[in-house]
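# Structure at a glance
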Amino acid sequence: MKKVFLFLFLIVACRVMAQTTPNDGDWSKNEVILKNTAEAAVMIRIGDIDNLGFGWAENFNPFSGKSTEPHSYPWDPKTEDLPGLDRILLGSSFGEKVNNCGGDGYSGQGRQNTLPEAIKIPLATLQGTNVTAATLTMFIDDFQVPVMCSNFRATLNGKRFIDLERIINVLNQTGPIGKFITVRLPDELLPLLKEKELQLLIDDPTTGAADGYAIDFIKLLINPKSLVYKGLITGFVKDKETYEPIPNATVRVKGYGEVTTNKEGAFTLNDIPVGLNVAEASAKNYASGREVFDVIANAEPESKDILLERSKAISFNNKELKEGDAIVMNNIQFNQGSYRLLPAGTAELNRIYDLLIANPKMEIELSGHTSNEGERQLNTVLSRDRVIACKLFLIQKGIDESRIAAVGFGPDKPIAPNDSEINRAKNRRVEMRMLRVQ
């Protein structure tokens with residue numbers, strides 16, 4: 001249960017900070033668009049920066065990754081607040097299903113005006129922009145998933161945003177307290193930025209949990225530059241059963257780099273954005289594992305262990321595969337410059353579908369690769385579009401999209417020198433990597 005109202009704290013320590021900063025514009029504005037900032041080629045912010053109207057404690061920097069002090073609840077949104085922002089929201093399943101995990105104090109007031117709403121980010125300013133990457137940053141408040149047994153789903157224009165879900169669904173912001181988070185848009189969602197607007201919806205449509213939450217503001221960074229607020233994560237990758245270190249394991253934070261553990265199983269990843277970050281570790285003969293790291297600017301990092309379980313082998317195309325293994329899908333081919341699936345490719349994807357049906361906990365990554373002919377950026381986009389086509393084929397057959405990652409590497413990961421047509425043909429490929437089997 002949450003703390004009692006902290007009116008004294010609010011009066012003494014908090015204030016609404018009327019200010020303008022180069023990367024964020026006027027904090028009091030509900031919509032700001034800036035170009036060529038230190039953070040990105042284009043920054044689109046929706047929502048004022050005011051800690052849900054409570055203001056910020058003196059000297060508190062909302063972009064540092066630190067959590068706020070607790071604030072009171074409930075509160076009434078102002079008439080100028082945009083839909084989905086600066087207000088308490090409760091998942092659409094609240095009141096429709098029984099959930100025995102307790103609830104927020106204000107949930108006893110019933111539904112009222114707490115139904116989740118999509119937050120709309122206008123994209124007209126991006127017309128003519130060559131978007132190669134994008135990041136979503138946001139200040140979120142009061143998610144309590146471990147306590148309230150909630151399970152949130154995030155979508156952008158109706159498409160699942162799995163990486164955001166993985167962060168939100170570990171949050172425990174009892175207090176309530178707020179925090180800044182950063183999530184890179186995966187390649188498969190970048191085409192959405194060609195539409196008129198981006199609609200972000202966060203909802204719990206299944207559990208009936210009385211887990212109220214709020215969002216203060218969102219920033220969309222187009223073609224991000226160097227991180228202004230960053231830190232590092234450090235830890236060890238170990239065997240879950242023996243706690244022995246696992247050398248040569250790969251640890252990565254999507255969009256921000258990867259490293260290999262040393263002989264002691266230790267790793268350090270630098271230049272990681274502030275807030276919560278999901279690090280994934282993989283190693284030969286082990287199932288992939290994930291751990292959440294809390295990065296705070298200019299703070300000493302907390303070391304964490306990522307524990308991996310020994311993996312079981314499965315058979316596919318007469319090959320034995322374990323977690324971490326990758327296989328080239330030789331039959332998934334495309335005509336030059338096209339991402340339309342050919343009959344041989346759909347037959348191969350049907351075999352992958354059968355594999356996923358037979359192993360309901362399996363997760364895979366489909367990666368697209370090209371030779372080095374032509375412009376690198378065009379090749380990267382083409383490789384991305386090809387594996388997205390593969391993923392959509394499997395989704396349309398009923399596979400949950402959270403089980404399939406899709407990424408286009410273009411010419412960046414060749415398996416042969418690009419010095420002959422035979423070798424270049426080897427580099428034009430789709431690979432399937434086993435992320436999880438059991």
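Shown above is the structure to which this text applies.
Let us look at the structure shown here. None of the values given here were measured: they were computed from a predicted structure.

## Considering the overall build of the protein chain
If you tally the helices and strands in the protein chain, you get 6 helices and 26 strands. Its C-alpha atoms give the protein chain a radius of gyration of 23 Å, within 12% of the compact-globule value 22 Å for 438 residues. Along the first, second and third principal axes, the C-alpha atoms of the protein chain reach 70 × 50 × 45 Å. Counting over 438 residues, the protein chain shows a buried share of 54%. Of the roughly 19,900 Å² that the protein chain leaves accessible, carbon and sulfur atoms contribute 50%.

## Some points on the nonpolar core
Core analysis: the largest hydrophobic core is formed by 42 residues, its most contacted members being Ile-121, Met-138, Phe-161, Leu-164, Leu-193, Ile-202 and Leu-220. By size, the runner-up hydrophobic cluster in this structure holds 28 residues, among which are Leu-321, Leu-349, Ile-352 and Ile-404.

## Topic: the pairing of strand 18 (residues 275-282)
With respect to burial, strand 18 is a largely interior element, 8 of its 8 residues being buried. Pairing of strand 15 (residues 250-253) with strand 18 involves 3 bridges; the strand directions are antiparallel. What sits directly across from Thr-250, in strand 18, is Ser-282. Inspection of the sheet shows strand 18 paired to strand 19 (residues 289-295) by 7 bridges, in the antiparallel sense. Bridge assignment links Leu-276 to a residue of strand 19, and that residue is Asp-294. With antiparallel pairing between neighbouring strands as the criterion, strand 18 and strand 19 make up a hairpin whose turn holds 6 residues, including Asn-285 at a positive phi of roughly 75°.

## Concerning the state of the cysteines
In a disulfide, the sulfur atoms of two cysteines are held together by a covalent bond. With the rule as written, the count across this model stands at 1 disulfide. For Cys-101, the disulfide goes to Cys-149, at an S-S distance of 1.9 Å. Taking the sign of the S-S torsion, -80° for the link of Cys-101 and Cys-149, the bridge is left-handed. With Cys-101 in the loop between strand 6 (56-57) and strand 7 (119-122) and Cys-149 in the loop between helix 2 (145-148) and strand 9 (153-156), the pair connects residues that are 48 residues apart, well separated along the chain. The exposure class of Cys-149 is partly exposed, given its relative accessible area of 34%.

## A few points about the sheet that holds strand 23 (residues 326-328)
Strand order in the open sheet formed by 4 strands is 23-26-24-25, with mixed pairing between adjacent strands. Only two strands of the sheet have a single neighbouring strand rather than two, namely strand 23 and strand 25 (404-410). In this sheet, neighbouring strand axes are inclined to one another by 20° on average, regardless of whether the strands run parallel or antiparallel.

## Side note on the environment of Asp-141
Secondary-structure assignment places Asp-141 in strand 8 (residues 134-141). A relative accessible area of 2% places Asp-141 in the buried class. In this structure the C-alpha to C-alpha distance between Asp-141 and Gly-235, which are 94 residues apart in sequence, comes to 27 Å. Excluding anything up to four places from it in sequence, Asp-141 contacts Asn-51, Leu-52, His-71, Gln-173, Pro-176, Ile-177, Gly-178, Tyr-213 and Ala-214.

## Thoughts on the sheet that holds strand 9
Spatial ordering of the open sheet is given by 7-12-9-10, a layout of 4 strands whose pairing is antiparallel. Since the sheet does not close on itself, it has two edges, and those belong to strand 7 and strand 10 (159-160), each with one partner. Of the pairings in the sheet, the one linking strand 7 to strand 12 (residues 197-203) comprises 4 bridges and is antiparallel in character. Residue pairing for strand 12: Lys-120 is matched across the bridge by Gln-199.

## Digging into helix 5 (residues 376-396)
The end-to-end C-alpha separation of helix 5 is 30 Å, in line with the 30 Å expected for 21 residues at 1.5 Å each. The buried fraction of helix 5 amounts to 15 of the 21 residues, a majority that puts the element mostly inside the structure. In the stretch just after helix 5, Gly-398 is the one whose phi turns positive, near 110°.

## Observations concerning the side chain of Lys-238
Structurally, the position occupied by Lys-238 is in strand 14 (residues 230-239). For Lys-238, the side chain forms a polar contact with the side chain of Asp-305, separated by 3.3 Å. Filtering out sequence-adjacent residues up to four positions away, Lys-238 remains in contact with Tyr-243, Glu-244, Pro-245, Ile-246, Asp-305, Ile-306, Leu-307 and Leu-308.

## Remarks on the pattern of salt bridges
Within the structure shown, the criterion is met by 28 salt bridges. A salt bridge links Glu-39 to Lys-219, with the nearest nitrogen and oxygen atoms 2.8 Å apart. Highlighted residues: Glu-39 in the loop between strand 4 (31-35) and strand 5 (40-46) and Lys-219 in strand 13 (residues 214-224), separated in sequence by 180 residues. With respect to burial, Glu-39 and Lys-219 carry one shared label: buried.

## A few points about the side chain of Asp-211
By secondary structure assignment, the location of Asp-211 is in the loop between strand 12 and strand 13. The class of Asp-211 is buried, set by a relative accessible area of 1%. At 2.7 Å, the side chain of Asp-211 forms a polar contact with the side chain of Ser-150. Apart from residues no more than four positions distant in its own chain, Asp-211 is found in contact with Leu-89, Leu-90, Asp-104, Asp-142, Phe-143, Gln-144, Val-145, Met-148, Ser-150 and Phe-152.

## A short note on the packing of aromatic side chains
Scanning the model with the defined rule gives 12 aromatic pairs in all. Considering the side-chain rings of Phe-152 and Tyr-213, the 5.1 Å spacing of their centres and the 80° angle between planes classify their relative orientation as edge-to-face. Residue Phe-152 is found in the loop between helix 2 and strand 9, and its partner Tyr-213 is found in the loop between strand 12 and strand 13; the two are separated by 61 residues along the sequence. Here Phe-152 and Tyr-213 have matching classes, each one buried. Grouped by ring-pair contacts, the aromatic residues Trp-27, Trp-56, Phe-60, Phe-63, Phe-139, Phe-180, Phe-217 and Tyr-229 constitute a single cluster. Lying across the ring of Tyr-256, Arg-184 places its NZ or CZ 4.7 Å from the centre. Sitting over the ring of Phe-236, Lys-238 keeps its end group 5.5 Å from the ring centre.

About the thresholds
Residues numbered from 1 in each chain as written. Predicted model: local features only at pLDDT ≥ 70, side-chain atom pairs only at ≥ 80, totals over all residues. Heavy atoms only, no water. Helix = DSSP H or I, 4+ residues; strand = E, 2+ residues; numbered from the N terminus. Rg over C-alpha atoms; globule rule 2.2 N^0.38 Å. Buried < 20%, exposed > 50% of the residue type's maximum accessible area, 1.4 Å probe, protein only. Areas by Shrake-Rupley, 256 points an atom, 1.4 Å probe, with all protein chains shown as cover. Core = buried A, V, L, I, M, F, W, Y, C linked by side-chain atoms within 4.5 Å. Pairing = 2+ DSSP bridges. Disulfide = S-S within 2.5 Å. Axes fitted to C-alpha atoms, helices over the stretch in contact; angles between N-to-C directions. Contact = heavy atoms within 4.5 Å. Expected span 1.5 Å × (residues − 1). Polar contact = N/O pair within 3.5 Å; in protein donor to acceptor, adjacent residues only side chain to side chain. Salt bridge = Lys/Arg side-chain N within 4 Å of Asp/Glu carboxyl O. Phe/Tyr/Trp six-rings, centres within 6.5 Å; stacked < 30°, edge-to-face > 60°. Lys NZ or Arg CZ within 6 Å of the ring centre and 35° of its normal.

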